Amino acid sequence: MKLTLKIWRQKDANSKGSMQTYPIDGVDGDMSFLEMLDVLNDGLINQGEDPVVFDHDCREGICGACSLMINGEPHGPDRLITTCQLHMRRFNDGDTIVIEPFRAKAFPVIKDLMVDRSSFERIQHAGGYISVNTSGNTIDANAIPIEKEDADASFNAAACIGCGACVAACKNASAMLFTSAKVSQFALLPQGKVEATRRVLNMVEQMDKEGFGNCTNTGACEVECPKGISLENIARMNREYLSASLKG
Amino acid sequence: MISSSIARKVAMALSGLFLVFFLAQHFTINITSVIAPDIFNSWSHFMGTNGLVQGILQPILIFGVIYHFVMGFILEIQNRKARTVRYAQFKGGTNSSWASRNMIITGLVILAFLGLHFYDFWIPEIVHKYIETHPEDPTRYYAETVHKFESPVRVTIYVVSFILLILHLWHGFSSAFQSVGFNNKYSKGLKLFTQIFAVAIPVGFIFIALYHHFNQIPH
């Protein structure tokens, strides 16, 4: 397969980037998208050029490291997958593919297609945890009865891998889906109730501080999320937030 | 709390729901101008002279409209600042509706329409009652309303504005429930209701405007 790649190149966080065009030949349909970029980089290195920097780690759809806006959609045109799970058979010979970093003020570009998503980490640090006594008398989580529906909903929320596709897809660059998943996974469980009030208040405050946009319920985040995180989580976070605000 | 993104979102939702309720009430009165002019005159007279409506509900309505628009602009500016470098390619149409992505555009058209609507009805009413201080005539409303729809240009503007209102309500009405945290097994049915409302009420207003345009009465 012969393709034309239009890729965002940016030297560092302080430089101004631009789209650069790279022709690539010999792309196999069974290659993953990241493997195709590996091939491109091999060629660039052999020519003495700077390889294209992009995030990747597990390459099996569970770490959330790979990102990329591919032809105007985070993680490419397919649903419920990450970029590493996208295969080149999804494209046709002669196609032009536009590849950009996830764009948000809160996700500054480090280099080329790699962005700094530590704003998500700071939101997690603000309350995305539970405090458990680990001094020897820890209660086995399996010994705590939890309704099946709540356990399932919590597990589904916990499936969020924090890749940032929700922010990338949102026209407002809002992080509500990510934050709400992290709030929901604990809000639904007895272990999370203890710190529920301060958790939601602190996490939303941190989310706002990071400079993400406001949610306008377009639903793009839910559609583009590789893990199918539902908008129900945002509604739940809104309820949790209002209830926590009234409690003070 | 009040400055947080969720608080602003809830405030937008509540002011929007209030305006939707007002729209339904406004339509209920207006449709009587087509089916029963006497009832239209009597309800209009009540709305124009009742102390509670004029002194309390009308100021609340004006505040609600201004708040909804001002907050809408503030949120739009903040949202634009949240992505300083735009995408070279962004396929919003693959994952969200046009109406949901362009609330600011439909909102601006509705705002411009409201300016015309105030110029057409509200300002003449203030002049009539408080500046020229005419004696109150409970039968004047029907003829005045019908004559406003004489101009084809004005009727066209009304029709276009109400089409944009359909798009604004199509997303905004159901979205308001999500914003206040209502998302459960009833949400699908509720969304259907909000979308029927989003089409039916503006189409009803369009019908009223066209009906009066084609059924003019002598001045």
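Residues numbered from 1 in each chain as written. Chains lettered and ligands numbered in written order. Predicted model: local features only at pLDDT ≥ 70, side-chain atom pairs only at ≥ 80, totals over all residues. Heavy atoms only, no water.

1. Looking at the overall build of chain B
At step 1: Within chain B, the regular secondary structure consists of eight helices and zero strands.
At step 2: Mapped in sequence order, the helices and strands of chain B form the string α-α-α-α-α-α-α-α.
At step 3: When the backbone C-alpha atoms are referred to their principal axes, chain B occupies close to 60 × 35 × 35 Å.
At step 4: Looking at chain B residue by residue over its 219 residues, the buried ones come to 45%.
At step 5: Of the contacts made within chain B by residues no fewer than 6 positions apart, 79% connect residues no fewer than 24 positions apart.
At step 6: Element-wise, carbon and sulfur atoms account for 73% of the exposed surface of chain B, whose accessible area totals about 11600 Å².
At step 7: When the 15 basic and 9 acidic side-chain charges of chain B are each reduced to a single mean position, those positions are 28 Å apart. (Helix = DSSP H or I, 4+ residues; strand = E, 2+ residues; numbered from the N terminus. Buried < 20%, exposed > 50% of the residue type's maximum accessible area, 1.4 Å probe, protein only. Contact = heavy atoms within 4.5 Å. Areas by Shrake-Rupley, 256 points an atom, 1.4 Å probe, with all protein chains shown as cover. Lys, Arg positive; Asp, Glu negative; His and termini not counted. Charge placed at Lys NZ, Arg CZ, Asp CG, Glu CD.)

2. Looking at the overall build of chain A
At step 1: Tallying secondary structure elements over chain A gives nine helices and seven strands in all.
At step 2: Each of the three principal axes of chain A carries a C-alpha extent, and together these read 60 × 35 × 35 Å.
At step 3: The buried share among the 248 residues of chain A stands at 53%.
At step 4: Considering only residue pairs separated by 6 or more positions, chain A has 69% of its internal contacts joining residues 24 or more positions apart.
At step 5: As presented, chain A carries roughly 10900 Å² of accessible surface, and 49% of it is formed by carbon and sulfur atoms.

3. Considerations on the pattern of salt bridges
At step 1: Per the counting criterion, the structure on display carries 20 salt bridges over all chains.
At step 2: A salt bridge links glutamate 100 of chain A to arginine 103 of chain A; its shortest N-O distance comes to 3.4 Å. Here glutamate 100 of chain A and arginine 103 of chain A have matching classes, each one buried.
At step 3: Between glutamate 125 of chain B and arginine 140 of chain B there is a salt bridge whose closest N-O contact spans 2.7 Å. Taken together, the positions of glutamate 125 of chain B in helix H5 (residues 103-131) and arginine 140 of chain B in the loop between H5 and helix H6 (141-148) put the pair 15 residues apart, joining distant regions of the chain. (Salt bridge = Lys/Arg side-chain N within 4 Å of Asp/Glu carboxyl O.)

4. Structural notes on helix H9 (residues 232-247) of chain A
All names here are of chain A.
At step 1: Given a rise of 1.5 Å per residue, 16 residues ought to cover 22 Å, and the 23 Å separating the end C-alpha atoms of H9 matches this to within 8%.
At step 2: Buried residues of H9: Asn233, Ile234, Ala235, Arg236, Met237, Asn238, Tyr241, Leu242, Ala244 and Ser245, and no others.
At step 3: Just downstream of H9 lies glycine 248, where phi reads positive at about 85°. (Expected span 1.5 Å × (residues − 1).)

5. Examining the side chain of arginine 117 of chain A
Residues and elements named next belong to chain A.
At step 1: Locating arginine 117 in the fold gives a position in the loop between strand S7 (114-115) and helix H2 (118-125).
At step 2: For arginine 117, a relative accessible area of 12% translates into the label buried.
At step 3: Engagement of the side chain of arginine 117 in a polar contact is seen with the backbone oxygen of glycine 64, the distance being 3.2 Å.
At step 4: At a separation of 2.6 Å, a polar atom in the side chain of arginine 117 contacts the main-chain carbonyl oxygen of cysteine 163.
At step 5: Leave out the neighbours within four places in its chain, and arginine 117 touches Asp55, Gly64, Ala65, Cys66, Ser67, Phe107 and Cys163. (Polar contact = N/O pair within 3.5 Å; in protein donor to acceptor, adjacent residues only side chain to side chain.)

6. Describing the environment of serine 97 of chain B
Residues and elements named next belong to chain B.
At step 1: Examined against the element boundaries, serine 97 turns out to sit in the loop between helix H3 (51-81) and helix H4 (98-101).
At step 2: Residue class for serine 97 comes out partly exposed when judged on its relative accessible area of 32%.
At step 3: Serine 97 sits 97 residues away from threonine 194 along the chain, and the two C-alpha atoms are 15 Å apart.

7. Concerning the nonpolar core
At step 1: Judged by nonpolar contacts, the single largest core of 43 residues is most densely connected at Phe107, Phe120, Val167 and Phe212 of chain A.
At step 2: Listing elements by their share of this core, those giving two or more residues are H2, helix H4 (165-169), helix H5 (176-187), helix H7 (196-209) and H9 of chain A together with helix H1 (5-35) of chain B.
At step 3: Split by domain, this core shows at least three residues from each of two domains, domain 1 (3-111) and domain 2 (117-247) of chain A.
At step 4: When neighbours within four sequence positions are excluded, phenylalanine 120 of chain A is seen to be in contact with Phe107, Gly162, Gly164, Cys166, Val167, Ala175, Phe178 and Phe212 of chain A.
At step 5: Core analysis: the second largest hydrophobic core is formed by 27 residues, Met31, Leu37, Leu40 and Ile70 of chain A among them. (Core = buried A, V, L, I, M, F, W, Y, C linked by side-chain atoms within 4.5 Å. Domains from an automatic or database assignment.)

8. Considering the packing of H7 of chain A against H9 of chain A
All names here are of chain A.
At step 1: Across the interface, H7 lies against H9 with an axial gap of 9 Å and an inter-helix angle of 110°. Relative to H9, H7 is oriented roughly perpendicular. From H7, Ala196, Thr197, Val200, Leu201 and Val204 reach across to H9, where they touch Met237, Glu240, Tyr241, Ala244, Ser245 and Lys247. (Axes fitted to C-alpha atoms, helices over the stretch in contact; angles between N-to-C directions. Parallel < 35°, antiparallel > 145°, perpendicular 65-115°, else oblique.)

9. Observations concerning the domain arrangement of chain A
Residues and elements named next belong to chain A.
At step 1: Parsing chain A into structural domains produces domain 1 (3-111) and domain 2 (117-247).
At step 2: Of note, the centres of domain 1 and domain 2, computed from C-alpha atoms alone, are 29 Å apart.
At step 3: Across the boundary between the two partners, domain 1 contributes 23 residues, which contact 21 residues of domain 2.
At step 4: On the domain 1 side of the interface with domain 2, the three residues burying the most area are Leu80, Ala106 and Phe107, jointly 33% of the side's total.
At step 5: Our count for the domain 1 to domain 2 interface comes out at two salt bridges. (Buried area = accessible area lost by both parts, 1.4 Å probe.)

10. Quick word on the environment of leucine 190 of chain B
Residue and element names in this part refer to chain B.
At step 1: Summarising the element assignment, leucine 190 is placed in helix H8 (residues 187-214).
At step 2: Considering only alpha carbons, one finds leucine 190 and phenylalanine 177, 13 residues apart in sequence, at a separation of 8.9 Å.
At step 3: In this structure, leucine 190 is in contact with Phe177 and Phe182, ignoring residues within four places of it in sequence.

11. Things to note about the sheet that holds strand S3 (residues 69-70) of chain A
Paired through their backbone hydrogen bonds, the strands of a sheet run either parallel or antiparallel.
At step 1: On the basis of which strands lie adjacent, the open sheet formed by five strands has the order S2-S1-S5-S3-S4 (chain A) and mixed pairing. The sheet is open, and its two borders are formed by strand S2 (18-24) and strand S4 (73-74) of chain A, each paired with just one other strand. (Pairing = 2+ DSSP bridges.)

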